[in-house]
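# Descriptive analysis of the structure
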Amino acid sequence: MQHTVTLVLFFIQLFIRSSLSQSSDVRKPPDITSPEAPKVFYSTTSKFSVPCVASGTPVIKYSWFQVGRDTDITTDSSQPVYVDSATGTLQLADFTEREEGTFICKASNEFNEGKIKAVSFSPPVTVYRSRADDFSDEEKTLTATANSYQVLLCDKKGDIVGSTITFNWYIGRDTKEVNKDNGRLFIDHEGNLHFTYVKTTDTNLVEGYKCGVSIEGLSLIRLSANKKFLKVISEPNPQQIAPQRMYSNSPVKVKLYLSAKLECMFSGFDPQSQNLPLIKWYFDNGTQIQTTAKFGFAHENRVLTIDRVAEDDEKVYTCEASNGAGTSKKEDVFLNVTGPPMFVAGGSPSDIIVPEGKDAVFNCNAKSVQSEQQPGEPIWYINGIRRGSHTDPNKYVASDGYRKLTVKNVKKDTDILCLQCYVENSEGGIWGDGCLTVILPIKVIQQPVTPQEIEHGDVIDLAVTATTDPSMTLKQKWEHNGTVYDNLEQIPFVKQRAINTSELSEDQFKEVGGLYRVTLYHSHDSKIIDINVITKFKPVVTVPVPVVAEAGFDMWIIGLIIGIIFLIIVIIIIICVVCRKKQEGDYNVDKKETGAGLDPEKELKDKGFNDYSRPLHDDYEFPDKKPRVDLEYDDVPMVGEDESLGSYGDEDDTHFNEDGSFIGIYQKKEGQRQKTNESKI
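I will try to describe carefully the structure that is included in this document. (Residues numbered from 1 in each chain as written. Predicted model: local features only at pLDDT ≥ 70, side-chain atom pairs only at ≥ 80, totals over all residues. Heavy atoms only, no water.)

Read from one edge of the open sheet, three strands run β35-β40-β39, paired in antiparallel fashion. Each edge of the open sheet is held by one strand with a lone partner, namely β35 (360–363) and β39 (396–399). Within the sheet, the average angular offset between the axes of one strand and its neighbour, ignoring direction, is 20°. (Pairing = 2+ DSSP bridges. Helix = DSSP H or I, 4+ residues; strand = E, 2+ residues; numbered from the N terminus. Axes fitted to C-alpha atoms, helices over the stretch in contact; angles between N-to-C directions.)

Shown next as structure tokens:
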């Protein structure tokens, strides 16, 4: 059977339908992008605003609530705190200490004609009003001997709130700053003024000393209410005084990832050099601390700074001082790294996308920093509503000590939502928020039957048709017999998504068989389709060669002799058949009768057979005697040698029958002959 031009792999292709009937099928819960992390703001004015920005489909709606209050903040602009209904921004129009607190933005949208609502929560935002309230300190007069240590306390301060707080000391009404005298005077983080050793020039009994505090962003300096007076008594015979620690801020409590300042204040006096004590810091293993990107020193090494403290920075640090009079003993300063719970890697609820029919798993796994009490069990919220007895336990399954919450067998029409968890320890709490987006899975609409057997020239349609969620872009990857291809056209012999085997050799045809694997995928789902192509080859008909015993000469000679004999027999048979046909075709009745002396034409005319015409013999001359023929066809005398056809009847009765024969006449004459013979007998 002659094959038409065929294709072995016809349209090995992927027809991807990445759109559904309506664009509204794209559904995405809120994704809050600002604020993206917990923040603390310090407002220096009575007006302040905090934006909330989120994306999602359909349109996002915003609201805010203050932690500790049951109701959401309204959009009434006449209130001190309200929400801008157009932008979702939190507005603090008349901001005082009364409105301070922690606020959380809620972004929501609705699906399925308002039957489903997804609510996402922002990280908490804490807002303070920057301020420095009045002091309530008392007036004091201090007396000290020259070369001794002294301190003026910045006590009974009012409420001080701000991002950056700076303390200083002033003399007189003109708020003249106190001269630090090349580091001899030092102000600690609480605002106290330390004198490494006092001089008689430090005496101030008239104008006095005042503590002052300033806050970044506020154009004011809040001074203490009362003055501190200092009287220094001279020392006629100054003596060396060995260093001694007089103050430290141990223990230092700092939240994780913030900067720490460890302070050590030493007294000491060297009348010869007049140098301050030399301060050194050490790790808990005795190694001296050097200046690095993480560790630094300030105020004549009285302050050790540690940038972005980590958990392993929590330890005991040691400070010591030395001068010409000697060296102090090592003093410990403990750094306590603390803070609220923090999520472990992958432990926070996050936004996830899950194909319909699968389970969605949210994590809430937090821990405290070392040496802190570990947090309690997480508290889960579904769209801001705390999980409880009203929650379907078969749909929302908690496990691993409530650190996992699984939403079973999600559906696009019902399960697009957001989950929140709250974890708390002695230092505070932490919120986690994650939203679930349910998409339609990859669905194969059409795929070929496998395996399929093909012969050289067959057409095999291996087209694959698939759909997926309209929000996803479906991709494809091809593989043939273990070799991976980025696209279909890279597969050998593929032209315009097909292979034409009529252009392939037998060896090439063998290569197109095997396993074709199509992987349909996007970032959240995948589907693998295997197409097994089996190549078949037509069997070759072979004539079995007879086994012949060994002979004295080659077998091909015997075969040649047999062939020649067979050919000769065929030729003889053909010659015999041809000769027989020729003899049968030369027999002519008219010629025979004419040769016997008869006139068939006259007889036909006399008998009325005019319609039968005599054959023409223009170019043929009759011989004087009968032509020679084979014996089996010769005119053998029926009775005697001298008898002729005329003896079978009278001359007038000799004629043909109507069909041109004389058989009947012969039979009649034969009967008469028998009678004559009988009479002779």
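Moving on from the coordinates now.
To continue, consider the packing of aromatic side chains. Summed over the entire model, instances satisfying the criterion amount to 10 aromatic pairs. On the basis of an interplanar angle of 50° and a centroid distance of 6.2 Å, the ring pair of Phe-283 and Tyr-317 is categorised as tilted. Of the two residues, Phe-283 is situated in the loop between β27 (278–282) and β28 (295–298) and Tyr-317 in strand β30 (residues 316–323); the sequence distance between them amounts to 34 residues. Take Phe-283: its relative accessible area is 21%, and that puts it in the partly exposed class. Ring centres of Tyr-381 and Trp-431 lie 5.3 Å apart, and the angle between their planes is 40°; this geometry places the pair in the tilted category. Pair noted here: Tyr-381 is in strand β37 (residues 379–382) and Trp-431 is in strand β42 (residues 428–439), with a separation of 50 residues, a long-range link. Classification of Trp-431 by relative accessible area gives partly exposed; the value is 26%. The rings of Phe-65, Phe-121, Tyr-381, Tyr-422 and Trp-431 are connected pair by pair, giving a single aromatic cluster. The cationic tip of Lys-330 hangs over the ring face of Tyr-282; the distance from NZ or CZ to the ring centre is 4.2 Å. (Phe/Tyr/Trp six-rings, centres within 6.5 Å; stacked < 30°, edge-to-face > 60°. Buried < 20%, exposed > 50% of the residue type's maximum accessible area, 1.4 Å probe, protein only. Lys NZ or Arg CZ within 6 Å of the ring centre and 35° of its normal.)

Along the chain, Ser-120 turns up in strand β11 (residues 116–121). Among the residues examined, Ser-120 registers a relative accessible area of 3% and is labelled buried. Within the structure, the side chain of Ser-120 is placed 2.7 Å from the side chain of Asp-433, a separation counted as a polar contact. In contact with Ser-120, not counting residues within four places along its chain, are Pro-30, Ile-32, Cys-105, Lys-106, Ala-107, Cys-418, Gln-420, Asp-433 and Cys-435. (Polar contact = N/O pair within 3.5 Å; in protein donor to acceptor, adjacent residues only side chain to side chain. Contact = heavy atoms within 4.5 Å.)

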